[in-house]
Amino acid sequence: MAVRAPPRLVYDDGCGFCTWCAEYADSRGVLELVEFSELTPDQRARLPNDYAECVHLLTDDAVFSCGAAVEETLARLGSTERAAVRLFRLVPEHERLRERLYHAVAGRRASLGRFLSR
């Protein structure tokens, strides 16, 4: 039986909000944090060319990007996060809404990072 690697959450380590989110996930789940500045060539090859535009979750079988990465990460955390994801997935057209929400938050990450660092 092959040993499966833990999911790898790839994030922008130059962003305070991104780092806070990654550390939150790390404290509540089994995953490996990978900063953009620490990507291996193999990891980078699995990512889209514009990988620096959003967060990614790398599993042995798939690559999730942007809102899908957040959703998949939350689905692997504690019971509260998993329950929230299950409910969110019941929303009609949740994938479209998920990406809109992701980009709305990502567009404000500098302000959110300042707020969280206080």
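Preceding this paragraph is the structure being described.
Here goes a summary of the coordinates provided. Just so you know, these numbers come straight off a predicted model, no measurement behind them.

Procedures and definitions
Residues take numbers from 1 onward in each chain, read along the sequence in its written order. Owing to the predicted nature of the model, reporting of local features is limited to residues with pLDDT of at least 70; listing and counting of side-chain atom pairs is limited to 80 or more, with chain, interface and lining totals taken over all residues. Computation of side-chain values: all heavy atoms of the structure, hydrogens and water removed. In this description a helix means any DSSP run of H or I spanning at least four residues, a strand means any run of E spanning at least two, and both kinds are numbered starting from the N terminus. Note on method: radius of gyration uses C-alpha positions; expected globular size equals 2.2 Å times residues raised to 0.38. Burial classification: accessible surface area is computed with a 1.4 Å probe over protein chains only, and a residue below 20% of its type maximum counts as buried, one above 50% as exposed, and the rest as partly exposed. Throughout, a residue-residue contact means that at least one pair of heavy atoms, one from each residue, lies within 4.5 Å. Only four residue types enter the charge count, namely Lys and Arg as positive and Asp and Glu as negative; His and the chain termini do not. For charged residues, the charge sits on one atom: NZ in Lys, CZ in Arg, CG in Asp, CD in Glu. Pairing of aromatic rings covers Phe, Tyr and Trp, the last counted by its six-membered ring, and requires centre-to-centre distances within 6.5 Å; plane angles under 30 degrees mean stacked, over 60 mean edge-to-face, and any other angle means tilted. Pairing between strands is defined by DSSP: at least two bridges between them are needed. Angles run from 0 to 180 degrees between N-to-C directions of axes, and those axes are lines fitted to C-alpha atoms, restricted for helices to the stretch in contact.

## Some details on the overall build of the protein
Inference 1: Helices and strands together make up the secondary structure of the protein, namely six helices and four strands.
Inference 2: Ordered by position from the N terminus, the helices and strands of the protein form the series β-α-β-α-β-β-α-α-α-α.
Inference 3: In terms of overall dimensions, the protein is globule-like: its C-alpha atoms have a radius of gyration of 14 Å, near the 13 Å expected for 118 residues.
Inference 4: Along the three orthogonal principal directions, the C-alpha set of the protein runs to about 35 × 30 × 25 Å.
Inference 5: Expressed as a percentage of the 118 residues in the protein, the buried residues total 33%.
Inference 6: Expressed as a percentage of contacts within the protein between residues at least 6 apart in sequence, the contacts between residues at least 24 apart total 48%.
Inference 7: One finds the centroid of the 16 positive side-chain charges in the protein at a distance of 6 Å from the centroid of its 18 negative side-chain charges.

## Observations regarding the packing of aromatic side chains
Inference 1: The tally for this structure, following the rule as stated, stands at two aromatic pairs.
Inference 2: Seen from their ring centres, Trp20 and Tyr24 are 5.8 Å apart, and the 25° between their planes marks the pair as stacked. Remark: Tyr24 and Trp20 occur in helix α1 (residues 16-28); sequence separation between them is four residues, near one turn of the helix.
Inference 3: Here Trp20 falls in the partly exposed class, since its relative accessible area comes to 40%.
Inference 4: We classify Tyr24 as partly exposed; its relative accessible area is 28%.
Inference 5: Where Phe36 meets Tyr51, the ring centres are 5.3 Å apart and the plane angle is 90°; that geometry is what we call edge-to-face. Within this pair, whereas Phe36 is found in the loop between β2 (32-35) and α2 (41-46), its partner Tyr51 is found in the loop between α2 and β3 (56-58), the two being separated by 15 residues in sequence.
Inference 6: For Phe36, a relative accessible area of 11% corresponds to the buried category.
Inference 7: Exposure remark for Tyr51: the relative accessible area of 17% places this residue in the buried category.

## Brief notes about the sheet that holds β2
Inference 1: Overall, mixed pairing links the four strands, which are arranged β2-β1-β3-β4 in an open sheet. Looking at strand neighbours, the two that pair on one side only are β2 and β4 (63-65), the edges of this open sheet. Strand-to-strand twist in this sheet, taken as the mean axis angle between neighbours without regard to direction, amounts to 20°.
Inference 2: Bridge analysis of β3 against β4 gives three bridges, and the strand direction is antiparallel. Paired with Leu58 across the bridge in β4 is Val63.
Inference 3: Strands in contact with α1 are β1 (8-11) and β2; relative to β1, the strand with the most contacts, it is inclined by about 170°.

## A look at the environment of Glu95
Inference 1: Its place among the elements puts Glu95 in helix α5 (residues 94-106).
Inference 2: Remark: the alpha-carbon pair of Glu95 and Ala62, spanning 33 residues in sequence, is separated by 17 Å.

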